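So you can see what is in the structure, the chains are spelled out below.
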Amino acid sequence: MASRVQIPTNNSALIAMIADEDTVVGFLLAGVGNVDIRRKTNYLIVDSKTTVKQIEDAFKEFTTREDIAIVLISQYVANMIRFLVDSYNKPVPAILEIPSKDHPYDPAHDSVLSRVKYLFSSESVASGRR
């Protein structure tokens, strides 16, 4: 039997954000923001000056932090680091792609949706149903 991944519950698990300013500010106003003792935040605001390397570093940091349970990333930002998003396969933190104000959601590029479709197509083939 597979072992379950435990989410730390000593305080609470965080939601991390990698998105444009409007999206991040909206979630910060909803109470998602956090700054720890080392002045590390749980969000990255992506604008025209943000480099792909900065986005990659933030994604790697958020997916390795023990206190983060979910990483919300704007789909257009995820497309910039698609190779990292698609190669990530751990259950915690979960990676969720979200739309932004200026970039509509495209289900064809959503890594979670494509994995679900793959699982259901494999399951239906394995069970003999189509």
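The structure contained in this document is the topic of the report that follows. Note that the structure is a prediction, hence the values are computed from the model and not measured.

## A few points about unusual backbone geometry
The amide bond that connects Val92 to the next residue, Pro93, takes the cis arrangement and shows omega of 0°. By the secondary structure assignment, Pro93 is in the loop between α4 (82-87) and β4 (94-98). The phi angle at Arg39 is positive, at roughly 65°, despite the residue not being glycine. Within the secondary structure, Arg39 is located in the loop between α1 (21-29) and β2 (43-45).

## Considerations on helix α2 (residues 52-64)
The terminal C-alpha atoms of α2 lie 18 Å apart, and with 13 residues this matches the ideal 18 Å at 1.5 Å per residue to within 8%. Among the residues of α2, Ile55, Glu56, Ala58, Phe59, Phe62 and Thr63 are the ones counted as buried. Angularly, the buried residues of α2 cover 165° about the axis, an arc narrow enough to put them on a single face. Exposed and facing more than 90 degrees away from the buried side of α2 are Lys53 and Thr64. Buried residues in α2 make contact with β1 (14-19), β2, β3 (68-74), α3 (75-80), α4 and β4.

## Looking at the sheet that holds β4
Read from one edge of the open sheet, four strands run β2-β1-β3-β4, paired in parallel fashion. In this open sheet, the two strands that pair with only one neighbour each are β2 and β4. Taken over all neighbouring pairs, the strand axes of this sheet differ in orientation by 20° on average, direction set aside. Bridge count for β1 against β3 is five bridges, and the pairing is parallel. Across the sheet, residue Ile15 finds its bridge partner in β3, namely Ile70. Contacts between α1 and the sheet are confined to β1, β2, β3 and β4, with β1 contributing the most and set at about 160° to the helix.

About the criteria used
- Residues numbered from 1 in each chain as written.
- Predicted model: local features only at pLDDT ≥ 70, side-chain atom pairs only at ≥ 80, totals over all residues.
- Heavy atoms only, no water.
- Helix = DSSP H or I, 4+ residues; strand = E, 2+ residues; numbered from the N terminus.
- Expected span 1.5 Å × (residues − 1).
- Buried < 20%, exposed > 50% of the residue type's maximum accessible area, 1.4 Å probe, protein only.
- Arc of directions from axis to C-beta.
- Contact = heavy atoms within 4.5 Å.
- Pairing = 2+ DSSP bridges.
- Axes fitted to C-alpha atoms, helices over the stretch in contact; angles between N-to-C directions.

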